[in-house]
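Residue-level structural notes
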Amino acid sequence: MKILVLNCGSSSIKYQLIDTEIKETLAKGMIERIGMSSAVLTHAPRGKEKIRIVGEILDHSIAIEYVVAVLMSKNHGVIKDKSEIDAVGHRVVHGGETFSGSVLITHEVMQAIKDNIELAPLHNPPNIKGIEAARKHLPNTPQCCVFDTAFHVQMPHHAFLYGIPYKLYRRYKIRRYGFHGTSHRFVSQKAAEILNKPIEELKIITAHLGNGASMAAIKEGRSIDTSMGFTPLEGLLMGTRSGDLDPSIVTYIMGKEGLSISEANTLLNKHSGLVGISGESSDMREIEQAMNEGDKKAKYAFDVFTYRIKKYIGAYTAAMGGLDVLVFTGGIGENSVAVRETVCENMEYLGIKIDAEKNRSENKPLEISGNDSKVKVFRIPTNEELVIALDTEKIVKQILNK
Ligand code: ADP
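Definitions and limits used
- Residues numbered from 1 in each chain as written.
- Predicted model: local features only at pLDDT ≥ 70, side-chain atom pairs only at ≥ 80, totals over all residues.
- Heavy atoms only, no water.
- Axes fitted to C-alpha atoms, helices over the stretch in contact; angles between N-to-C directions.
- Helix = DSSP H or I, 4+ residues; strand = E, 2+ residues; numbered from the N terminus.
- Parallel < 35°, antiparallel > 145°, perpendicular 65-115°, else oblique.
- Contact = heavy atoms within 4.5 Å.
- Nonpolar A, V, L, I, M, F, W, Y, C, P; charged D, E, K, R; others polar.
- Buried < 20%, exposed > 50% of the residue type's maximum accessible area, 1.4 Å probe, protein only.
- Near = heavy atom within 4 Å.
- Polar contact = N/O pair within 3.5 Å; in protein donor to acceptor, adjacent residues only side chain to side chain.
- Pairing = 2+ DSSP bridges.
- Phe/Tyr/Trp six-rings, centres within 6.5 Å; stacked < 30°, edge-to-face > 60°.
- Lys NZ or Arg CZ within 6 Å of the ring centre and 35° of its normal.
- Core = buried A, V, L, I, M, F, W, Y, C linked by side-chain atoms within 4.5 Å.
- Salt bridge = Lys/Arg side-chain N within 4 Å of Asp/Glu carboxyl O.

Some words on the packing of helix H6 (residues 181–195) against helix H15 (residues 384–401)
Helix-helix packing is characterised by the crossing angle of the two axes and by the distance between the axes. The interhelical angle for the contact between H6 and H15, taken along N-to-C directions, is 90 degrees, at an axis separation of 9 Å. Compared by their axis directions, H6 and H15 come out roughly perpendicular. For the pair H6 and H15, the contacting residues are Thr-182, Ser-183, Arg-185 and Phe-186 in the first and Glu-384, Leu-386, Val-387, Ile-388 and Asp-391 in the second. Residue composition of the contact of H6 with H15, by class: 4 nonpolar, 2 polar and 3 charged.

Things to note about unusual backbone geometry
Even without being a glycine, Arg-33 presents a positive backbone phi close to 65 degrees. Tracing the chain through its elements places Arg-33 in the loop between strand E3 (24–32) and strand E4 (39–45). Residue class for Arg-33 comes out partly exposed when judged on its relative accessible area of 34%. A positive phi is found at Asn-346, a non-glycine position, where the angle reads about 55 degrees. Residue placement: Asn-346 occurs in the loop between helix H13 (337–344) and helix H14 (356–360).

Some thoughts on the site of the ligand
Around the ligand sit 13 residues in total, of which Asn-211, Asp-283, Met-284, Arg-285 and Gly-331 are the nearest. At 3.0 Å from an oxygen atom of the ligand is found a main-chain nitrogen or oxygen belonging to Met-284. One of the backbone nitrogen or oxygen atoms of Gly-331 is found 2.9 Å away from an oxygen atom of the ligand. Elements with a contribution of two residues or more to the shell around the ligand: helix H10 (284–292) and helix H12 (330–335). With 4 residues, the top contributor of residues to the shell around the ligand is H12. A per-class count over the shell around the ligand returns 2 nonpolar, 8 polar and 3 charged.

Digging into the sheet that holds strand E6 (residues 87–92)
One key point about sheets: their strands pair by backbone hydrogen bonds, in either a parallel or an antiparallel sense. If you trace the 8 strands from one edge of the open sheet to the other, you get E5-E4-E3-E2-E1-E6-E8-E7, paired in mixed fashion. Here the strands that pair on one side only, and so sit at the sheet edges, are strand E5 (51–55) and strand E7 (103–104). Pairing analysis gives 5 bridges linking E6 to strand E8 (residues 143–147), with the strands arranged parallel. Considered in E8, the bridge of Arg-91 is made with Val-146.

Looking at the packing of aromatic side chains
Taken as a whole, this structure holds 5 aromatic pairs when the rule is applied. In this structure, Arg-175 packs its charged tip against the face of Phe-160, placed 3.9 Å from the ring centre. The residue whose ring lies beneath Arg-175 is Tyr-177, and the NZ or CZ to ring-centre distance is 5.0 Å.

Things to note about the environment of Ser-102
With respect to the secondary-structure elements, Ser-102 resides in the loop between E6 and E7. C-alpha separation for the pair Ser-102 and Arg-175, spaced 73 residues apart in sequence, amounts to 21 Å. In this structure Ser-102 touches Cys-145, Val-146, Arg-185, Asp-391 and Ile-395, once residues within four positions along its chain are discounted.

Considerations on the nonpolar core
Formed by 40 residues in total, the largest nonpolar core has its most connected members in Leu-209, Ile-313 and Ile-352. Looking at this core, the elements that each hand over two or more residues are strand E9 (203–209), strand E10 (213–219), H10, helix H11 (296–320), strand E12 (325–329) and H13. A per-element tally of this core places H11 first, with 9 residues. Setting aside anything within four residues of it in sequence, one finds Ile-313 in contact with Ile-205, Met-215, Leu-323, Leu-326, Val-343, Met-347, Leu-350 and Ile-352. Formed by 27 residues, the second largest nonpolar core is a distinct cluster that contains Ile-3, Phe-151, Ala-216 and Val-387.

Section: the pattern of salt bridges
Following the criterion strictly, the structure yields 14 salt bridges and no others. Across the pair Arg-91 and Asp-148 runs a salt bridge, and its minimum N-O distance is 2.5 Å. Of the two residues, Arg-91 sits in strand E6 while Asp-148 sits in the loop between E8 and helix H4 (157–160), which places them 57 residues apart along the sequence. Here Arg-91 falls in the partly exposed class, since its relative accessible area comes to 23%. The residue Arg-360 makes a salt bridge to Glu-341 at a minimum N-O spacing of 3.8 Å. Here Glu-341 lies in helix H13 and Arg-360 lies in helix H14, a separation of 19 residues in the sequence. Through salt bridges with shared partners, a single ionic network connects Arg-176, Asp-225 and Glu-234.

Right, here's the structure in full:
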């Protein structure tokens, strides 16, 4: 099947047309600056030249129209007619407690996504716009959605409840949801595949380390805990997010600096994390470079980043009663030799021992643990778009077979 995968943000849309038979991307691209004066479309068709078009794209509907048009275009397209698109798979950030898996988008599903807007006010509205636009331009094509939260939704109550009055959980749905679920699911399944073992027999920790970063404890194929929480702010140190902190710090800073709620949110989400500590950059490559040149604050940022991952490995190993597999993924997890090395340093007592050569190798082998390591350590490139395409294919095939 040919599945169009859409990830719609407030001013950008990322897309991929994936052929699920061969598990390959036929074309991928992005529209940025939607609603601004000069929007940019970059489009990379497989086996053809990459193109960049600048124009006026006022809203998500026009953007999707462009995407469909460029996919069919004579010189840069990969399909002849839009009927070749068998289904559309949308990435939707927040499924709340409603969704524990991917679903066909129906009227009820749309309503449930709208009901969850309060939980993800920045993300669900553009996701909804993308769904509506895709429906308009591909009216006869089934649409499915895959939620960032779904993989974690069945965590046990001791992992998802916060220590606040229970009635606030009931009233405002304040609980741990967790995010990056598609990535944690993909890389944990991949690890089980590589080991040729049923995932139900494995205790896996996955570390998705990108600009946003989170970890998950996966036991018997299910996420039993994850580091992001009610929002993606909790947990690991991230590019611009603080991750874990004493909640009193928030009110204390608000009082001291005279910050409004929205300013406090911006401080913690946009000006904290790697950029906050280093005062330099949110980009791990730049942090590592500055640190290697002797910049003290960049080193502090790197140290906090890696120390926290280590702490979560310890915590999740305890939560699962052991560990078989540790997976690194995301831009940093896949590429930073230094992060993986530092995180795994002195972890032999837990059975984690990486092979320095494999970890450093330019060939990027999937397994980086030493032959004598009890715990298998992998660096596995994530592929959230492929998961969305495969989930969508499965749902559509089920409908067709009914
Ligand atoms: P996003 O969460 O936006 O999808 P990515 O998964 O692409 O982000 O990760 C981006 C992060 O990966 C940045 O901090 C970047 O510096 C880091 N990164 C990419 N390549 C390397 C590398 N070779 N060494 C260290 N960090 C890297």
